[in-house]
Every structure is written in C-alpha cells, then in structure tokens.
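# Working through the structure, step by step
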Amino acid sequence: MKKLQDFAGDINKCSKCGLCQSVCPVYKITGNDCAVSRGKFVMLDGVLKGDLKLNKNIEKYLDLCLKCGKCKSFCPSDIDVCKIFEAAKYECAKKSFWGRLIFFLESELVFGNVLKFLKLFRKRKIYNAQNPVLKLLYFKGCVNEINPAADKAIAKILKNTGIQIVEKKFDCCGTPFLSSGNLERYEKVKEKNLRLIKETDFDYLVADCASCQDALNNYGENIQCSNILEIISKQNIKFKFKKLRRVTFHKPCHLQDDDFVKVLLEKCENVEYVQMKDYDECCGFAGEFALKNPKISREISSRKIDNAIATGADIILTTCPACVLGLIQGAIGKKSVPKIQSLIEFLADADEIINC
Ligand code: SF4
Ligand code: SF4
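Since we're looking at a predicted model, the values are computed, not measured. (Residues numbered from 1 in each chain as written. Chains lettered and ligands numbered in written order. Predicted model: local features only at pLDDT ≥ 70, side-chain atom pairs only at ≥ 80, totals over all residues.)

### Description of the packing of helix H4 (residues 56-63) against helix H6 (residues 81-93)
- One can describe the packing of H4 onto H6 by two numbers: an axis separation of 10 Å at closest approach and a directional angle of 140°. Taken together, the axes of H4 and H6 are oblique relative to one another. Taken as a pair, H4 and H6 cross one another with a handedness that is left-handed. Residues Ile58, Glu59 and Leu62 of H4 form the contact with H6, whose own contacting residues are Phe85, Ala88, Lys89 and Cys92. (Axes fitted to C-alpha atoms, helices over the stretch in contact; angles between N-to-C directions. Helix = DSSP H or I, 4+ residues; strand = E, 2+ residues; numbered from the N terminus. Parallel < 35°, antiparallel > 145°, perpendicular 65-115°, else oblique. Left-handed = near helix turned anticlockwise from the far one by under 90°. Contact = placed C-beta atoms within 7 Å.)

If you want it as structure tokens, here you go:
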C-alpha cells in the first residue's frame, strides 16, 4: 500500500499547465482551482514539504472530486491523479473521527453483514447451459447482488446460447473503499476476489457494472475483466422491437471502451441511436461525492439530463447501476425526461431475441 510520501515525484511532475481544468466536471461548475488536480497538487506539495497540514480544509477539497479520471486521460504529464488522492484521503480519514466511523461502517462486520442480510430477500437466478461453449465468470457487484433485474436480463439473453454463467461468492469490488480512502479494506477485498478468480476455471471474467469492471482491471496480476455486453455483442444474437425506440447513451466514467454499445444497437431492429452532447461526461453521482457535495452533484446530473432531453430520445441507456442513480437524481423536477434504463435490461425487453 503506497503512502502519500511515495507519490512526491508524481506530484512534482505536474507542470501547472491547467489542461485538467478544461475537462474537470467539478471545475466547470465551481471554477475553483482547488477542485481540480492542479490545485490539489499544489496543496499536497505543501503538505509534503511541511508548509501545510493535512487538515479538514484539504480533506474537503480532496472530497471535491468525482474520481472520474477525465483529468488523468488529458494530463500531458501522465499523472495517475486518483491514486494520489486515494493515498491522501487515507491519511486524512484515519486521523479523523468521521473517517474512522466511515471505515467502521464499511467494515466486513457492518457493510459485509448488511449486504449478506439484504441478499437473503433476493431470489437467486440459476443459470444452466448443457455442454457450455463458453464459461463466463460473472462478477455481479453489490447493487446487482440485491437487485435481480440484471440477472433476469442476462438469463433471458443468454438462453439457448450455450454460454454458462459461473458465480462465486465475491466481495465488493472495492471502488467505494478507494473513494473513502479505506485502503486497508480495499486491499482485503482485492485479495479475496483475486483468490476466487485464480481458483476458478473460466473463459472470460465479466461484469455488468462499469465501476466493478474498472476496479477488477486495476487489481493488476494480469486480471482482465470485460463488460458482459461486450461478449454478448460478439454473439450472433439479434433483438427485435415491434415499436420504434429512440435511444441515447450515457457512458460511465469507468467504462474504458464503449464500442460494443453501437455494435449491439445495430443488432436491434427498430432502434434508433442519437448521441447526446458530452455523452462521456460524468453523471455527477460518484457515491460519496453525491453525499458530501449534493448541490454540485445535482447540478452535474441535471446538465446530463438536459443533454439527454435535447436528443428527443425515449430512453437513456447506461451500463452502471450508480450512473442510473445519478441520472435519476438529474431527472428530479424535470418534464419530458426519457426513461432511464440499463442497456442489458433494455436488450432483454426486446419483443424477440433471436439466437442465429
Ligand atoms: S493537466 Fe496534469 S500537468 Fe497539467 S495542471 Fe493538470 S495535473 Fe498538472
Ligand atoms: S478525477 Fe474528475 S472530478 Fe476529480 S479532479 Fe479529475 S477531472 Fe476533476
């Protein structure tokens, strides 16, 4: 586990060019340089030199970040900003009462047991394929563990394809723990999930949630997780809708490659795709961010919904349960909002699913 001090060299690589300002959704709303990586690096540099204390004020600015990674992909110095913020957040949180309380709430004892309890009320979907042609190790993710909608959709789409879904008792992917700076808990869930992945026989490791997929791909050790829809897009499956649907798509920040979305929509009969403005900009939710910065979070979500309404689409599609919440948040109080739906559920809603 790296400490903030270990990132001193990376922080100093920041040339203060300010390019991150042009892409940061939080900067676009606040105009505050401390909201963006450049300003945070100036503060953290001061901390490492002993000129500033890692206090509540700095923690407030660390929390003013969606961890969307937009600045990372634009940064000419190629700085892995989120890793630095996570290390700084860990050092802030472990010293404060609230930080320690959040760590306790995220522990196996509380978070783990609450999840186990909620799962008791959920009917498990059993996937079966005789003589499977492909085995998919499915990382379900916490939201899909308690909401059966994605499971039902997967079972419906994969019926008669010979594709087998393999399930294991995975822990949370760790994304919420990185966000709160709970790096010790993150390392524990990562260790358990890695062990389960390594001891299982499968062809592809897949997730439906973009955040889980990204978290697993960042575990290292050559772990590669694909979006389950990417695998489905490569099958000879077609989706027939009787009535014409006009759809738009919100790309989750953690979804690296969204080429499969257009491939899948082209396999749909009677579906028209319209790209919304800034389709790949954050939905504004980002878990803890929405709780700590509710006004800014709502403003970002609201702009996203305005862009979706402007397309005239009937449905906004996405591939992350947290983004669905962000989109719902942005839709509050607005008229003529398109239906918000996950792409996998939309496909499963087709009037006919043809396995060619
Ligand atoms: S884009 Fe990178 S190098 Fe430029 S100011 Fe932002 S963090 Fe620093
Ligand atoms: S990760 Fe996103 S929200 Fe955070 S500083 Fe970078 S662009 Fe802004």
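Resuming the write-up.
### Considerations on the site of ligand 1
- In the region of ligand 1, 15 residues are neighbours, and Cys14, Cys17, Cys20, Arg38 and Cys75 sit closest.
- Among the secondary structure elements, those contributing two or more residues to the shell around ligand 1 are helix H3 (37-49) and helix H5 (70-74).
- Its residues placed into classes, the shell around ligand 1 shows 9 nonpolar, 4 polar and 2 charged. (Near = placed C-beta within 6 Å. Nonpolar A, V, L, I, M, F, W, Y, C, P; charged D, E, K, R; others polar.)

### Section: helix H17 (residues 294-310)
- Spanning 17 residues, H17 covers 24 Å between terminal C-alpha atoms, matching the ideal 24 Å at 1.5 Å per step.
- If you check which residues of H17 are buried, you get Ile296, Ser297, Ile300, Ser301, Lys304, Ile305 and Ala308.
- Buried positions along H17 lie against helix H2 (25-30), strand E5 (237-249), helix H16 (288-292), strand E7 (315-318) and helix H18 (321-331).
- One or two steps after H17, the chain reaches Gly312, where phi turns positive at roughly 75°. (Expected span 1.5 Å × (residues − 1). Buried ≥ 20, exposed ≤ 12 C-beta atoms within 10 Å, placed from the backbone.)

### Topic: the site of ligand 2
- The immediate surroundings of ligand 2 are formed by 14 residues, with Cys24, Cys65, Leu66, Cys68 and Cys71 found nearest.
- Of all the elements in the fold, those that place two or more residues in the shell around ligand 2 are H2 and H5.
- Of the residues in the shell around ligand 2, the class split is 10 nonpolar, 2 polar and 2 charged.

### Remarks on the pairing of strand E3 (residues 204-207)
- Across 4 bridges, strand E1 (residues 134-139) lies against E3 in parallel orientation. Of the residues in E3, the one forming a bridge with Phe139 is Ala207.
- With 3 bridges connecting them, E3 and strand E4 (residues 225-227) associate as parallel partners. The residue bridging Leu205 from the neighbouring strand is Cys225, located in E4.
- With helix H13 (residues 210-217) bridging E3 and its parallel neighbour E4, the resulting β-α-β unit is right-handed. (Pairing = 2+ DSSP bridges. Right-handed = clockwise from strand over helix to strand, strands pointing away.)

### Concerning the domain arrangement of the protein
- When cut into domains, the protein gives domain 1 (4-95), domain 2 (117-232) and domain 3 (236-355).
- Measuring from the centre of the C-alpha atoms in domain 1 to the corresponding centre in domain 2 gives 31 Å.
- At the junction of the two partners, domain 1 supplies 6 residues and domain 2 supplies 5 residues.
- In terms of residue class, the side of domain 1 that touches domain 2 is built from 3 nonpolar, no polar and 3 charged. (Domains from an automatic or database assignment.)

### Comments concerning the nonpolar core
- Counting residues in each nonpolar core, the largest one holds 98 residues, and the members touching the most others are Phe139 and Val206.
- Considering every element that reaches this core, the biggest residue donor is H6, with 7 residues.
- Residues within four places of Phe139 in sequence aside, it is in contact with Phe170, Cys173, Leu205, Val206, Ala207, Cys212, Leu216 and Cys225. (Core = buried A, V, L, I, M, F, W, Y, C linked by C-beta atoms within 7 Å.)

### Some thoughts on unusual backbone geometry
- One non-glycine residue, Asp78, lies in the positive phi region at around 55°.
- With respect to the element layout, Asp78 can be found in the loop between H5 and H6.
- Given 9 C-beta atoms within a 10 Å radius, Asp78 is considered exposed.
- Phi at Asn160 is positive, roughly 65°, even though this residue is not glycine.

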